[in-house]
Amino acid sequence: DGGITQSPKYLFRKEGQNVTLSCEQNLNHDAMYWYRQDPGQGLRLIYYSQIVNDFQKGDIAEGYSVSREKKESFPLTVTSAQKNPTAFYLCASSSEAGYGYTFGSGTRLTVV
Amino acid sequence: AQKITQTQPGMFVQEKEAVTLDCTYDTSDQSYGLFWYKQPSSGEMIFLIYQGSYDEQNATEGRYSLNFQKARKSANLVISASQLGDSAMYFCAMREAYSGGGADGLTFGKGTHLIIQP
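Residues numbered from 1 in each chain as written. Chains lettered and ligands numbered in written order. Predicted model: local features only at pLDDT ≥ 70, side-chain atom pairs only at ≥ 80, totals over all residues. Heavy atoms only, no water.

**Here's the deal with the state of the cysteines**
- Considering all chains together, one arrives at 2 disulfides over all chains under this definition.
- A:Cys23 shares a disulfide with A:Cys91; S-S distance 1.8 Å. Taking the sign of the S-S torsion, about -70° here, the bridge from A:Cys23 to A:Cys91 comes out left-handed. Here A:Cys23, found in strand E3 (residues 19-25), pairs with A:Cys91, found in strand E9 (residues 87-94); they are 68 residues apart in sequence, far enough to count as distant.
- Residue A:Cys23 is classed as buried on the basis of its relative accessible area of 1%.
- Linked covalently through their sulfurs, B:Cys23 and B:Cys92 form a disulfide whose S-S length is 2.0 Å. (Disulfide = S-S within 2.5 Å. Helix = DSSP H or I, 4+ residues; strand = E, 2+ residues; numbered from the N terminus. Buried < 20%, exposed > 50% of the residue type's maximum accessible area, 1.4 Å probe, protein only.)

**Section: the pairing of strand E12 (residues 112-117) of chain B**
Residue and element names in this part refer to chain B.
- Of the two faces of E12, only the one carrying Thr-112, Leu-114 and Ile-116 is buried; His-113, Ile-115 and Gln-117 on the other face are not.
- Pairing of strand E2 (residues 10-14) with E12 involves 5 bridges; the strand directions are parallel. Paired with Met-11 across the bridge in E12 is Leu-114.
- As paired strands, strand E10 (residues 88-95) and E12 are joined by 3 bridges and run antiparallel to one another. Within E12, the residue paired with Met-89 across the bridge is His-113. (Pairing = 2+ DSSP bridges.)

**Notes on the packing of aromatic side chains**
- Applying the stated rule across the entire model yields 17 aromatic pairs over all chains.
- Note on A:Tyr101 and B:Phe35: the rings are 5.4 Å apart at their centroids and 85° apart in plane angle, and the pair reads as edge-to-face. With A:Tyr101 in strand E10 (residues 101-103) and B:Phe35 in strand E5 (residues 33-39), the pair connects residues from two separate chains. There is no split in this pair, since A:Tyr101 and B:Phe35 are both buried. (Phe/Tyr/Trp six-rings, centres within 6.5 Å; stacked < 30°, edge-to-face > 60°.)

**Describing the side chain of A:Ser73**
- Here A:Ser73 lies in the loop between strand E7 (64-66) and strand E8 (76-78).
- The contact partners of A:Ser73, leaving out residues within four places of it in the chain, are A:Cys23, A:Glu24, A:Met32, A:Ser67 and A:Arg68. (Contact = heavy atoms within 4.5 Å.)

**Considering unusual backbone geometry**
- Following A:Ser7, the chain continues to A:Pro8 via a peptide bond in cis, the omega torsion being -10°.
- Along the chain, the position of A:Pro8 falls in the loop between strand E1 (4-7) and strand E2 (10-13).
- Look at A:Asn28: it is not a glycine, yet its phi comes out positive at around 60°.
- The exposure class of A:Asn28 is exposed, given its relative accessible area of 58%.
- At B:Lys16, a position not held by glycine, the phi torsion is positive, near 80°.
- Counting through the fold element by element, B:Lys16 comes out in the loop between E2 and strand E3 (19-21).

**Examining the sheet that holds E1(A)**
All names here are of chain A.
- Strands sit in the order E1-E3-E8-E7 across an open sheet of 4 strands; the sheet is antiparallel. If you trace the sheet from one side to the other, it starts and ends with E1 and E7, each paired once. Sheet twist, expressed as the average angle between the axes of neighbouring strands with direction ignored, equals 20°.
- As paired strands, E1 and E3 are joined by 4 bridges and run antiparallel to one another. Bridging across to E3, Gln-6 finds its partner in Cys-23. (Axes fitted to C-alpha atoms, helices over the stretch in contact; angles between N-to-C directions.)

**Things to note about the environment of A:Ser105**
All names here are of chain A.
- Counting through the fold element by element, Ser-105 comes out in the loop between E10 and strand E11 (107-111).
- Judged by its relative accessible area of 35%, Ser-105 is partly exposed.
- Spatially, the C-alpha atom of Ser-105 lies 15 Å from that of Ser-73, the residues being 32 residues apart in sequence.
- Sequence-distant contacts of Ser-105, defined by excluding residues within four places in its chain, comprise Gln-6, Phe-88 and Leu-90.

Next up, the structure:
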């Protein structure tokens, strides 16, 4: 079955560490996205990529970095510059037309 | 200014009753799309229904329908005959016109926490 796989499901980070969240899709979608969700809040766009080797900042890109070396993969790195990284992170993909968005099951990141 | 406004932080509804979840949006684009997602406690985002700005008919998907009032910039979700399994967070989201020919992502409201009571 086609879908999006995010790993790990839970991630713990120490202060000052960089951590990388994985997102893989087998839907042959061109566009991929990273969202952050804080408790009781909606999703906010961190980064998105419409094509391999290209990506754009979303609304809250500071302290995050991404790469898009393969169509199937869009990993997100939470750097030490992100001062409040504890949140739920969701990856999504869409077809070029943007009529359907598929989400992964999310990664819950906690700073310890 | 918020692009998507959901004014009901939480709602309690009796099982089998119909539910209306409010959503208003703000855009200057002529071409846009409106989405509703359900998020249970597990965190996954489940697509419910889609309405395009040029669609003349209100979208329907099973027990879900979208009351689209373009002039009022309103896209309320209606759930008929609510069930206990409908208890979840519900998010309204909008896709605006593309830049560079690709999809720019969705803008989400803050959500409504719906609780269905037996």
